[in-house]
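Examination of the molecular architecture
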Amino acid sequence: MGAEHDENVIWHSHAVTRDEREAQHGHRGVLLWFTGLSGSGKSTVAGALEQGLHKAGISTYLLDGDNVRHGLCRDLGFSDEDRKENIRRVGETAKLMVDAGLVVLSAFISPHRAERQMVRDLLGEGRFIEIFVDTPLAICEARDPKGLYKKARAGELRNFTGIDAVYEAPERAEMVLNGEEKVEVLCEQIAALLRSRQIIPC
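Residues numbered from 1 in each chain as written. Predicted model: local features only at pLDDT ≥ 70, side-chain atom pairs only at ≥ 80, totals over all residues. Heavy atoms only, no water.

**Some remarks on the overall build of the protein**
Counting its secondary structure elements, the protein contains 9 helices and 5 strands. Listing every helix and strand of the protein by position from the N terminus yields α-α-β-α-β-α-α-β-α-β-α-α-β-α. Overall, the protein is about 55 × 50 × 30 Å in size when its C-alpha atoms are taken along their principal axes. In the protein, which comprises 202 residues, the share counted as buried stands at 42%. Across the protein, 26 positive and 32 negative side-chain charges occur, with their mean positions spaced 4 Å apart. (Helix = DSSP H or I, 4+ residues; strand = E, 2+ residues; numbered from the N terminus. Buried < 20%, exposed > 50% of the residue type's maximum accessible area, 1.4 Å probe, protein only. Lys, Arg positive; Asp, Glu negative; His and termini not counted. Charge placed at Lys NZ, Arg CZ, Asp CG, Glu CD.)

This is the structure:
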């Protein structure tokens, strides 16, 4: 049944191209993939950056891990298989948004290199920028904005990244940010990269 369905699903190329959409926006479409431990500051930085880009006239959209699990991925749990499917769905969604010419910001722990590589391959050359918010576990645990580390240490939360589940740090991220630095400084560092790559205007 699945194979028959697949044979009848044909990709439709739109009359309006990505180049034309980007020309209308005045910038290129790209996915900024923020990764790091829970509490590293990736959502905070992504949110602040989106605000700055929006004020500068850049068309953006922020995909946040918790928000996505309220709708698009509400049927998924936190097993390795479900986490992989969560990232795949986010990648496919982001790909459509990048095709629309948007600067997409995503904030997901995404602990496995293979899953992040999957999204990189999906987006294609120059459309995926991996941003590793490198914050020591001790700092993340001290922040513990959602109280998740406390639950994990108490045994109330299993398979928690950084405690009883592995986090594979990026080996070739386009940017590595010091998660203990001020948010404004980190946002400017990312904006400078976007300008240098001619993704957004100078």
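Next comes the rest of the description.
**Description of the sheet that holds strand β1 (residues 30–35)**
Spatial strand order, β2-β3-β1-β4-β5: 5 strands in an open sheet with parallel pairing. Edge positions in the sheet fall to β2 (60–64) and β5 (175–178), since each has one partner strand and no second. On average, each strand axis in the sheet is inclined to that of its neighbour by 20°, with strand direction left out of account. Where β2 and strand β3 (residues 103–107) come together, 5 bridges link them in parallel fashion. Note that in β3 the partner of Leu 62 across the bridge is Leu 105. Helix α5 (residues 80–99) contacts β1, β2 and β3 of the sheet and is inclined by roughly 150° relative to β1. In the packing of helix α9 (residues 183–196) onto the sheet, the strands contacted are β1, β4 (128–134) and β5, and the crossing angle to β5 comes to about 165°. (Pairing = 2+ DSSP bridges. Axes fitted to C-alpha atoms, helices over the stretch in contact; angles between N-to-C directions. Contact = heavy atoms within 4.5 Å.)

**Overview of the packing of α5 against helix α6 (residues 113–123)**
When two helices pack together, their arrangement is given by the angle between their axes and by how far apart the axes lie. Running from amino to carboxyl end, α5 crosses α6 at an angle of 25°, the nearest separation of the two axes being 9 Å. The angle between α5 and α6 places the two elements in the roughly parallel class. Here α5 and α6 pass one another in a crossing that is right-handed. The residues of α6 that touch α5, namely those facing Asp 80, Arg 83, Lys 84, Ile 87, Arg 88, Gly 91, Glu 92, Lys 95 and Val 98, are Glu 115, Met 118, Val 119, Leu 122 and Leu 123. (Parallel < 35°, antiparallel > 145°, perpendicular 65-115°, else oblique. Left-handed = near helix turned anticlockwise from the far one by under 90°.)

**Examining the environment of Glu 92**
Turning to its location among the elements, Glu 92 is positioned in helix α5. It is 7.9 Å that separates the C-alpha atoms of Glu 92 and Val 119, two residues lying 27 residues apart in sequence.

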